[in-house]
Amino acid sequence: MSKDAAATRLALLQAARRRFAFDGYRATTVRDIAADAGVNVALINRYFVSKEGLFRACLVRTTPTSTTPRPGPDLERAIGGLIRHIIRSPTDEDSMQLLLLLRSSGDEAVDDIRRETLRGYADRLAGAVRPDGVVDEDLLVRAEIALSVVLGMTMLRTSTRVEPLASAEVEAVAGPLEEALRALLGGGRS
């Protein structure tokens, strides 16, 4: 992909994230997105095939490689990645990403994409903490609870800026969060 193509694709993704986050999926048109990005609407189909494909591409940032557990057993790496995601400086992009994950679209196919994205992340998280890589339903539920904790803390620190959590020192957040994630991901049922 050329430098201009990559820049155009990025501009479309950024415009789409803003529109989907603030206006919702149904109210957003591909013409709005193209206009916001300053490009021809046909480029959406060229790079993403459809509005739905563009939405799916927008969700990719919600699981950046730096915080996505890699395959294989590594509880420490998985927990560390989740904690780093929460304590790093939040951005407006983080808030928009969170809205994309949590806001119902009113479109079943798009809501399926959202659920698929969240389930995929929970599957990878659960797989990262099992020595044999086998994920049972109990572990998957615990991984989904851990993901809920991470999403909730991210929302409180970025979108809603609830104090004192939003401005809490790293140590004040990291310690209790590590305990909670370790309890969820590190063991079976009590």
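A brief report on the enclosed structure follows.

Quick notes on the rules
- Residue numbering note: each chain is counted from 1, following its sequence as written.
- The predicted nature of this model means local features are confined to residues of pLDDT at least 70 and side-chain atom pairs, given and counted, to a pLDDT of 80 or more, with totals for whole chains, interfaces and linings taken over all residues.
- The basis for the side-chain values is all heavy atoms of the structure; hydrogens and waters are excluded.
- Here an axis means a line fitted to C-alpha atoms, over the contact stretch when the element is a helix, while the angle between two N-to-C directions is reported on a 0 to 180 degree scale.
- Put simply, DSSP marks the helices as runs of H or I at least four residues long and the strands as runs of E at least two long, and each gets a number from the N terminus on.
- Here roughly perpendicular refers to angles of 65 to 115 degrees, roughly parallel to angles under 35, roughly antiparallel to angles over 145, and oblique to all remaining angles.
- By convention, the crossing between two helices is left-handed when the near helix turns anticlockwise from the far helix through less than a right angle, and right-handed when the turn is clockwise.
- Pairs of residues are marked as contacts when any of their non-hydrogen atoms sit within 4.5 Å.
- As a working rule, the residues Ala, Val, Leu, Ile, Met, Phe, Trp, Tyr, Cys and Pro are called nonpolar, Asp, Glu, Lys and Arg charged, and the rest polar, with Gly in that last group.
- Paired rings are identified among Phe, Tyr and Trp, the last through its six-membered ring, by centres lying within 6.5 Å, and are further divided according to the angle between planes into stacked (under 30 degrees), edge-to-face (over 60) and tilted (the rest).
- Each residue gets one of three labels from its accessible area relative to the maximum for its type: buried under 20%, exposed over 50%, partly exposed in between, using a 1.4 Å probe on protein chains only.
- Salt bridge criterion: a side-chain nitrogen from Lys or Arg within 4 Å of a carboxyl oxygen from Asp or Glu.

## Some words on the packing of helix α1 (residues 3–23) against helix α2 (residues 30–37)
Geometry of a packed helix pair, given as the angle between the helix axes and the separation of the axes. Two numbers describe how α1 lies on α2: the axes approach to 8 Å, and their chain directions differ by 125°. For the element pair α1 / α2, the angle class is oblique. Seen from above, α1 lies across α2 with right-handed handedness. Contact residues: Ala-11, Leu-12, Ala-15, Ala-16, Arg-19 and Phe-20 in α1; Asp-32, Ile-33, Ala-34, Asp-36 and Ala-37 in α2. Class assignment of the residues belonging to the contact of α1 with α2 gives a composition of eight nonpolar, no polar and three charged.

## Some remarks on the packing of aromatic side chains
Tallying each qualifying case throughout the model produces four aromatic pairs. Between Tyr-25 and Phe-55 the ring centres are 5.6 Å apart and the planes differ by 80°, which places this aromatic pair in the edge-to-face class. Taken together, the positions of Tyr-25 in the loop between α1 and α2 and Phe-55 in helix α4 (residues 51–59) put the pair 30 residues apart, joining distant regions of the chain. There is no split in this pair, since Tyr-25 and Phe-55 are both buried. Centre to centre, the rings of Tyr-47 and Phe-48 are 6.4 Å apart; their planes meet at 70°, and the pair counts as edge-to-face. As far as burial versus exposure is concerned, Tyr-47 and Phe-48 are alike and both buried. Three or more aromatic residues link up through ring pairs in this structure, and these residues are Phe-20, Tyr-25 and Phe-55.

## Brief notes about the packing of helix α5 (residues 75–87) against helix α9 (residues 170–185)
Packing of α5 against α9 brings their axes to within 10 Å, and their N-to-C directions diverge by 140°. Taken together, the axis directions place α5 and α9 in an arrangement best described as oblique. Two packed elements cross with a definite hand, and for α5 against α9 that hand is right-handed. Counted together, Leu-75, Glu-76, Ile-79, Leu-82, Ile-83, Ile-86 and Ile-87 of α5 and Val-170, Val-173, Ala-174, Leu-177, Glu-178, Leu-181, Arg-182 and Leu-185 of α9 form the full contact between these two elements.

## Looking at the pattern of salt bridges
Per the stated rule, a full pass over the model turns up eleven salt bridges. Across the pair Glu-116 and Arg-56 runs a salt bridge, and its minimum N-O distance is 2.6 Å. Remark: Arg-56 occurs in helix α4 and Glu-116 occurs in helix α7 (residues 108–128); sequence separation between them is 60 residues. Judged by its relative accessible area of 47%, Glu-116 falls in the partly exposed class. Put simply, Glu-76 and Arg-182 hold a salt bridge, and the shortest N to O gap is 2.9 Å. Taken together, the residues span a long stretch of sequence, with Glu-76 in helix α5 and Arg-182 in helix α9 at a distance of 106 residues. Residue classification places Glu-76 among the partly exposed positions, given a relative accessible area of 49%.

So, to be careful, I would describe these as geometric facts and stop short of saying anything about function.
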